[in-house]
Amino acid sequence: MTDDTNKHGAAEANAADAAAATYAEAAAEQVDAPVAEPDPLELARAEAADFRDRYLRLAAEMDNLRRRTERDVKDAKSYSTAGFARDMLAVSDNLRRALEAIPAEARAAGDTGFNALVEGVEMTERSMLSMLERHGVRKLDPVGQKFDPNFHQAMFEVPNAEVPNNTVVQVVQAGYTIGERVLRPAMVGVAKGGPKAVAATEETPAV
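The shown structure was predicted, so the numbers you read here are calculated from the model rather than taken from an experiment.

Novice: I would appreciate a short explanation of the packing of helix H3 (residues 82-100) against helix H5 (residues 112-134) in the present structure.
Specialist: For any two helices packed against each other, the geometry comes down to the angle between their axes and how far apart the axes lie. The geometry of H3 relative to H5 is characterised by a closest axis approach of 10 Å and an angle of 155° between their N-to-C directions. Classified by the angle their axes make, H3 and H5 are roughly antiparallel. As H3 runs across H5, the sense of the crossing is left-handed. Residues Ala-85, Met-88, Leu-89, Val-91, Ser-92, Leu-95, Arg-96 and Leu-99 of H3 form the contact with H5, whose own contacting residues are Val-118, Val-121, Glu-122, Thr-124, Glu-125, Met-128, Leu-129 and Leu-132. Split by residue class, the contact of H3 with H5 holds 11 nonpolar, 2 polar and 3 charged.

Rendered as structure tokens:
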């Protein structure tokens, strides 16, 4: 029994030594094996893909910059005269007030010099408004339209049951826009007491 045990232990020891030797040889082969170098073609492809991605990003940024610059230049051209135009509107308002202050009887009974003066003021007003219009200034004509706080400034309410509620029925001071911006809102009176404004289009009920 003892001899068999000894033989069995010796066999296991020999097997373990053989396995260790095999592992050591395999490890030595891995250490001695040359390291594979990367493929130059693959490196070139990866580098080209990286350059292409950078180029596309840069091209997109330059296109966005060009668009912003064009928009800024356009806005500068359109709105650079906004302050000057607003001041000219004050002058136009004074001309209009002067004309409205002249009674109709005075015009009818006025002599040639007086009528020529009135016509000169009217011509000056028309010329000024025409010049402003050439520079993108447009006059608002909101009578009959629904009140819009973006373009109108309500000064008072007018009881009127014949038109929809919040309809502009009177303009106290004309409003103007320059380009797509409001240069001066129109000061208006709005109707009160009428029916609610009906939407332009109504949904057709499902059958």
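Novice: Honestly, the nonpolar core in this entry has me stumped. Any pointers?
Specialist: Across soluble globular proteins, nonpolar side chains show a tendency to be buried alongside one another. Membership of the largest hydrophobic core comes to 13 residues, with the highest contact counts inside it found for Leu-132, Val-137, Tyr-176, Ile-178 and Leu-183. Contributing elements (two or more residues each) for this core: H3, H5 and strand S4 (176-178). In terms of residue count, H3 provides more of this core than any other element does, 5 residues in total. Setting aside anything within four residues of it in sequence, one finds Leu-183 in contact with Ala-82, Ala-85, Arg-86, Leu-89, Val-137, Tyr-176, Thr-177 and Ile-178.

Rules behind the numbers
- Residues numbered from 1 in each chain as written.
- Predicted model: local features only at pLDDT ≥ 70, side-chain atom pairs only at ≥ 80, totals over all residues.
- Heavy atoms only, no water.
- Axes fitted to C-alpha atoms, helices over the stretch in contact; angles between N-to-C directions.
- Helix = DSSP H or I, 4+ residues; strand = E, 2+ residues; numbered from the N terminus.
- Parallel < 35°, antiparallel > 145°, perpendicular 65-115°, else oblique.
- Left-handed = near helix turned anticlockwise from the far one by under 90°.
- Contact = heavy atoms within 4.5 Å.
- Nonpolar A, V, L, I, M, F, W, Y, C, P; charged D, E, K, R; others polar.
- Core = buried A, V, L, I, M, F, W, Y, C linked by side-chain atoms within 4.5 Å.
- Buried < 20%, exposed > 50% of the residue type's maximum accessible area, 1.4 Å probe, protein only.

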